[in-house]
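# Structure assessment
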Amino acid sequence: MHLDDYIPVVGASVVEDLRLIANKLKGCRVVNVNSTPVGGGVAEILSRMIPLLKELGLEARWDVIRGGDRFFGITKKIHNGLHGTAVEISAEDEAVYWETQELNAKTLDLKADMIFIHDPQPAGLIRWKPAIGGRWMWRCHVDVSAPDRGVWGFLEPVVEQYDAAVFSAPSFSQQLGIRQGLIAPSIDPLSDKNKDLPQEFIDSTLDQFQISRDRPIVTQISRFDRLKDPAGVMEAYRLVKPYIDCQLVLAGGSASDDPEGAGVLAELRERAKGDGDIHILELPPTSHLEINALQRASTVILQKSIREGFGLTVSEGLWKAKPVIAGAVGGIPLQITHKYSGLLTHSVEGTAYWLKQVLQSPEFAKRLGENGREHVRDNFLLTRHLMDYLLLFLSLDRAKEDIVYL
Ligand code: UDP
């Protein structure tokens, strides 16, 4: 995929601006570090962002920290704690966290001008900043507005050592003594996950999963994670089912940094027993085209999260001009204006209520989807995200200059 391919979607001036800014950053070495090569939103964005940064003349790289099950168990606790769940991080947990950071600091090549660390899992690498040099940014993809005190007490002094922290939305951030940037994530309209698909492919995907084309399809695409509330989705579907004969698709996989997925999946399978219209699909991480097809085949997309980072699946659904019903948490309200570009809910009953409304009013559903698509075009496509990153790099690279002349 090349930058020029985006012109038909976003217009030529957007791409021209990107080239203009990137000219000031030619050869700039940027290394990204996160904790999983596939699965989840961060991996999704990095896989699209890196090639475009390279095309723009930056030396962009992406590395993944390695750790054992114990480490990822601890970082999942930290993740849940940042989202506000009460968790306990023991002294032993802290020791394992730091041992893993040290191991990675020794094995990863972090020598670069910009070191861009994503989320808490590799955040501790900052300890090696004095030896490695460069400008360090911590990119926080989760909502840390009301974290567990103990977890934030552990992470805050780590984050404060960075040159800057970047959050997805103003409401996600914390008071910090370092520079803060606000950059919303994005989806790539040209990726396999989001590009237009021929109807035959969509139909054959439904056939492959034995989903009927003749009845409404209600879909949630998510990792099998309690905070995405797949059980609540099933309850909402069950409230609607006696009135409208619809099908439910819960499709997702697991990420290598999320040890809880298998348990959640097993519970869901148990709950779904006896209802052939509930399709629980465990998808391999490479299923981008299948997810795209499932989203496009859906009558309604749900994202009934209880806590959420930004919620890329919402952007993905809206971009496909689908009515999206989603929990009013994390970054979701940035994407959905209630009753205009989607529907925001706070409970199983609320989700069921709007699901019924949307299934019964195709015109209303269509309007929500169309408004949602335009909102995503204006705000949440990869080109806007790329521009924000370039400006951030430039501001750190030229920290001493008041004005950068283009
Ligand atoms: N996704 C995927 N396969 C799955 C589940 C999710 O490719 O089995 C993708 C999904 O389409 C979206 C991203 O992973 O692009 C999830 O991002 P989101 O911000 O919704 O949630 P996160 O998993 O980062 O909490």
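In case you missed it, the structure is sitting above this.
The present account deals with the structure reproduced in this document. (Residues numbered from 1 in each chain as written. Predicted model: local features only at pLDDT ≥ 70, side-chain atom pairs only at ≥ 80, totals over all residues. Heavy atoms only, no water.)

## Considerations on the overall build of the chain
Each helix and strand in the chain was counted, giving 16 helices and twelve strands. Each principal axis of the C-alpha atoms in the chain carries an extent, and together these give about 65 × 55 × 35 Å. When the 406 residues of the chain are sorted by exposure, 57% land in the buried category. Looking at the chain, you have 45 positive and 54 negative side-chain charges, and the mean spots of the two groups are 1 Å apart. (Helix = DSSP H or I, 4+ residues; strand = E, 2+ residues; numbered from the N terminus. Buried < 20%, exposed > 50% of the residue type's maximum accessible area, 1.4 Å probe, protein only. Lys, Arg positive; Asp, Glu negative; His and termini not counted. Charge placed at Lys NZ, Arg CZ, Asp CG, Glu CD.)

## Here we look at helix 2 (residues 12–22)
Every buried residue of helix 2 is accounted for by V15, L18, I21 and A22. End-on, the buried residues of helix 2 take up no more than an arc of 125 degrees, which puts them together on one face. (Arc of directions from axis to C-beta.)

## Remarks on the pattern of salt bridges
Under the definition given, this model contains 32 salt bridges. Across the salt bridge formed by D245 and R215, the nearest N and O atoms sit 3.0 Å from each other. One end of the pair, D245, is in the loop between helix 9 (230–240) and strand 8 (247–252); the other, R215, is in the loop between helix 8 (199–208) and strand 7 (217–221), and 30 residues separate them in sequence. With a relative accessible area of 42%, D245 lands in the partly exposed category. Between R223 and D225 there is a salt bridge, and its shortest N-O distance comes to 3.1 Å. In this structure, a network of salt bridges that share partners links the residues R70, K77, E92 and D93. (Salt bridge = Lys/Arg side-chain N within 4 Å of Asp/Glu carboxyl O.)

## Points about the sheet that holds strand 4 (residues 135–139)
The six strands are arranged 2-1-3-4-5-6 in an open sheet whose pairing can be described as parallel. Bordering the open sheet on either side are strand 2 (59–64) and strand 6 (179–182), each of which pairs with just one other strand. Taking each pair of neighbouring strands and ignoring which way they run, the sheet shows an average axis angle of 20 degrees. Pairing geometry for strand 3 (residues 114–118) and strand 4, over five bridges, is parallel. Note on strand 4: the bridge partner recorded for I117 is W138. Sitting on the sheet, helix 3 (residues 41–55) touches strand 1 (29–34), strand 2 and strand 3, and the angle it makes with strand 2 is about 155 degrees. (Pairing = 2+ DSSP bridges. Axes fitted to C-alpha atoms, helices over the stretch in contact; angles between N-to-C directions. Contact = heavy atoms within 4.5 Å.)

## Things to note about the sheet that holds strand 10 (residues 300–303)
A sheet is described by the order of its strands in space; here six strands give the open sequence 9-8-7-10-11-12, paired in parallel fashion. The sheet is open, and its two edges are formed by strand 9 (278–282) and strand 12 (343–345), each paired on a single side. For this sheet, the mean inter-axis angle between neighbouring strands, taken without regard to orientation, is 20 degrees. Relative to strand 8, helix 9 is tilted by about 170 degrees, and along the sheet it contacts strand 7, strand 8, strand 9 and strand 10.

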